[in-house]
Every structure is written in structure tokens, then in C-alpha cells.
Amino acid sequence: MAKGIGIFFVALGHMEDIATGTRVWISSFHMPLFFIISGILMAVKDEPSKDLKETVTKKFRGIIIPYLWFSLSYFVIDILNLNVIQNIDLRTFIVDTIDSVTFYGMSVLWFLPALFLASVGFLYLKKRFPDKFVIPGIFVIAAVSYAIKLQFAKLYAANEESILITSLINIVYIFLRAAIAQSFVGSGYYVKRLFDRQTVRRAAITSFTESAAGELIIGIILLAVNMALAQQNGCADLRNIILNNMFIYYLAAFFGCFGIILICKSLPPVKLITYYGRNSIIVMACHVNYYFLYAGIRLAWLVDSVNKHAKHYVFVAVVMITVFALSAAAIEVINRFFPFVLGKKTISASRIRNV
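What comes next concerns the included structure. Fair warning: this is a prediction, and the values are worked out from it, not measured in the lab. (Residues numbered from 1 in each chain as written. Predicted model: local features only at pLDDT ≥ 70, side-chain atom pairs only at ≥ 80, totals over all residues. Heavy atoms only, no water.)

### Some details on the overall build of the protein chain
Test applied: Strands here mean DSSP runs of E at least two residues long; helices mean DSSP runs of H or I at least four residues long; both are numbered from the N terminus. It is over C-alpha atoms that the radius of gyration is taken, and the globule rule equals 2.2 Å times the number of residues to the power 0.38. Residue exposure (1.4 Å probe, protein chains only): buried if accessible area is under 20% of the type maximum, exposed if over 50%, otherwise partly exposed. Surface accessibility follows the Shrake-Rupley procedure with a 1.4 Å probe radius. Residue values consider only the protein chains on display as shielding. Lys and Arg are tallied as positive, Asp and Glu as negative. Neither His nor the chain termini are counted. Charged groups are reduced to one reference atom each: NZ for lysine, CZ for arginine, CG for aspartic acid, CD for glutamic acid.
When helices and strands are counted, the protein chain shows 15 helices and zero strands. Its C-alpha atoms give the protein chain a radius of gyration of 21 Å, near enough to 20 Å, the size a compact globule of 355 residues would have. Principal-axis analysis of the C-alpha atoms places the extent of the protein chain at approximately 65 × 60 × 50 Å. Per-residue burial over the protein chain gives 46% buried out of 355 residues. For the protein chain, the accessible surface area stands at approximately 18,100 Å², while carbon and sulfur atoms represent 69% of it. Averaging the positions of the 33 positive and the 19 negative side-chain charges in the protein chain gives two centres separated by 9 Å.

As C-alpha cells, then:
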């Protein structure tokens, strides 16, 4: 459910027609949420206790394989945009191609290499060092990485017209943003472990209903604090490693992410939300570069032209409904006919194995 809510805010955050305050709030937590959930799932699966090579192989198949397939589809779309539709120039095409090949990630696909490197990096540290070093270490690494990025940003700005120099700097950025993402992955892992221990201790004296009500109240409070901190820090951008005040950014991210997670945990599952949560990679990869968002905006403009008195929230609602309706179609097509795009075995191979 948390991933489903997160992917909704990812799509909403990519709309130009939303209030600045809303964009600032969304940017404070929506990407850290996915990294934190990844860390929580590591704890659920107890991945640090498993063979590192086997775990990395599974993550490669589930993260990098989708990156490669979606990057290929973006490349095809770019070729059409360059030669047929002609809405991008040659420089943009070259930069997009370099970003894909170097794993910097074209458009929203930056998230997948960052998730892979962050997860593998944390697992390596967890296996190599005791927790008393890993816990502070992931935040020290993140802080150093952000400081390095601030220095490279000056070099980037001075050479913005050079594709070679900016591409080389972007390669460095791949690892810097993964280092920051690693701190969120690790936070999710350790908070989950801590929460499990506390749950065991209070199980004898706390009923499920009381526990759920308490989690809901705490979650709402955390989310309220997140909103206040987000407005103080301004708009952040983890893709481009723009965190503004790093301390406030982390506080806002933690309050927002764990607020949403606790709220979701306190409520019964909502099938529609969990559906998009389970398929969040497809929604993330498709909603911008497959023009789902563009289609939603065009339809919303059409509705506005018919109903001159429609409120802004109607415009936003039309866009989001369109995006997620088209995303549902993409989810069904990919899962049923092209599961290899997600790193899964093909249907025929699965049937042969079962036989």
C-alpha cells in the first residue's frame, strides 16, 4: 500500500499544473519512501543472512533487467521523436543515449541503478562490518557524497555545454546518489528490525485494535511534521541530488515515509492501491516517457474546454485517472505477455518447467 501511495505521488509530482507547496511536500518523501521500503523488505526476507552473490543476482534480475528493457524502449521512442515527430533535437538524443548506456538513467529510470547500487552496497557493509559501524557509517557516506556533489555541481555548471564533461560528471553522480539512497535503505532495514523487537515486547499487553489505532495516530502526527519541515526546506530532487538543507531533508523524509508506512500498516489492505504498489516499477517507467501523463493532461484540457467552471482539482483528477488507467493496461500487457521485461521467466519457460 505504501508503494502504491508513493507511485501516485511520483506521477502527481511530475505534473506541471500543481501548486508549488504540493510539489515541495511530495519531493520531501516520495523517492526516499521506495528506498526505505526496500530496506524493510530486506529485513522481512533476512537478506543479510543469505549468500551475497545469490542475492545480488536476484536483485540484478529484478532491477537491472527492467532498466535495460525500458531503456531500450525509450531509445526507440527517442528515434521516433527525432526522425518522425521531430520534437527533440540531435543533442538531446545523444545525451539520452549516453545516460542510458552509462546507467545514469534516462528520465525516471535513474531510480533503478540507484536502488540496485544502494541495496548491494548496504548488504556488503552489513556482511562486512558490525551494526555499530554500519549505522553511523551509512549516514557519514551520504553526507560526504552530498558534499562531493556540491563541489561537482560548480564544475558541471561551468561546462554545461560540453556533453563529454557533463556525461563524465553524471557517472560520478550515479554513485553519489546511490550512496545517499543507501542511507534510506539501511534506515528501512534497521527500523523494521527495531519495530519487530518492540512489537514482541508489547504483544502481551496491547491488542491489535489498540495497536492499529496508535499506529494511525502516530502516522498522522509524523506526516503533519513532515509537511511543516518540507515547506521549510523547499523543493528537493534526489535524481539531481538537490537536498537543500541535508539535515532538514532527512528529518522530513523520515517523518513522511514512516508516517505513510504506519498509516498503511494501521489500515486494512486496499486492493487497488496494492495493485499499483506491486507494479510500481511499470507505472514509474511508463507514465512519463510512454506519454500517459501527456495524454491525461490533454484530456483534462478537453474537459476544461467543455466545462468552463471546472475546479482545478477536477483537472488533476482527470489527469491521474487517465495515467493510472493507461498504467493498468501496461501492467496487464507486460505481466501477461512480456514478463521478461521485469526479469521474470517467460510464460512458456514456466509452463515447460512445471510440466
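### With respect to the pattern of salt bridges
Definition in use: For this analysis, a salt bridge means a side-chain nitrogen from Lys or Arg found within 4 Å of a carboxyl oxygen belonging to Asp or Glu.
In total, this model carries six salt bridges according to the counting rule given. The closest approach of N and O atoms between Lys 58 and Glu 54, which form a salt bridge, is 3.6 Å. One end of the pair is Lys 58 and the other is Glu 54, both in helix α4 (residues 52-85) and four residues apart, which spans about a single turn. Judged by its relative accessible area of 48%, Lys 58 is partly exposed. One salt bridge in this structure joins Arg 336 and Glu 332, with 3.2 Å as the shortest N-O distance. Placement of the pair is Arg 336 and Glu 332 together in helix α14 (residues 312-337), with a separation of four residues, close to one helical turn.

### Concerning the nonpolar core
Stated formally: To qualify as a nonpolar core, a set must consist of buried Ala, Val, Leu, Ile, Met, Phe, Trp, Tyr and Cys residues joined through side-chain atoms within 4.5 Å. Only heavy atoms enter the contact rule, under which two residues are in contact if any of them lie within 4.5 Å.
One finds Met 15, Phe 35, Phe 111, Ile 180, Val 319 and Met 320 to be the most contacted residues of the largest nonpolar core, which totals 97 residues. Leave out the neighbours within four places in its chain, and Met 15 touches Arg 23, Leu 293, Phe 315, Val 316, Val 319 and Met 320.

### Side note on the state of the cysteines
Put simply, the test is: A pair of cysteine sulfur atoms is labelled a disulfide when the two atoms are within 2.5 Å.
Throughout the structure, instances matching the rule amount to zero disulfides. With no disulfide of its own, Cys 235 lies closest to Cys 257 among cysteine sulfurs, the gap being 15 Å. The exposure class of Cys 235 is partly exposed, given its relative accessible area of 37%. Of all cysteine sulfurs, the one in Cys 257 lies closest to Cys 264, which takes part in no disulfide; the gap is 11 Å.

### Brief notes about the packing of aromatic side chains
For clarity, the cut-off: Stacked, tilted and edge-to-face pairs are distinguished by plane angle, under 30 degrees for stacked and over 60 for edge-to-face with tilted covering the rest, among Phe, Tyr and Trp rings (Trp via its six-membered ring) whose centres lie within 6.5 Å. Either the NZ atom of lysine or the CZ atom of arginine qualifies as a charge over a ring when it sits within 6 Å of the ring centre and within 35 degrees of the ring normal.
By the definition in use, this model includes 32 aromatic pairs. Where Phe 184 meets Tyr 249, the ring centres are 6.2 Å apart and the plane angle is 80 degrees; that geometry is what we call edge-to-face. Of this pair, Phe 184 sits in helix α8 (residues 163-202) while Tyr 249 sits in helix α10 (residues 246-266), and the two are 65 residues apart along the sequence. The pair formed by Phe 184 and Tyr 249 is uniform in burial state, with each residue classed as buried. Relative to Phe 340, the ring of Phe 338 has its centre 6.0 Å away and its plane inclined at 85 degrees; by these criteria the two rings are edge-to-face. Exposure remark for Phe 338: the relative accessible area of 40% places this residue in the partly exposed category. Three or more aromatic residues link up through ring pairs in this structure, and these residues are Phe 8, Phe 9, Trp 25, Phe 29, Tyr 275, Tyr 276 and Phe 324. Over the ring of Tyr 104 we find Arg 177, and its NZ or CZ is 4.2 Å from the ring centre.

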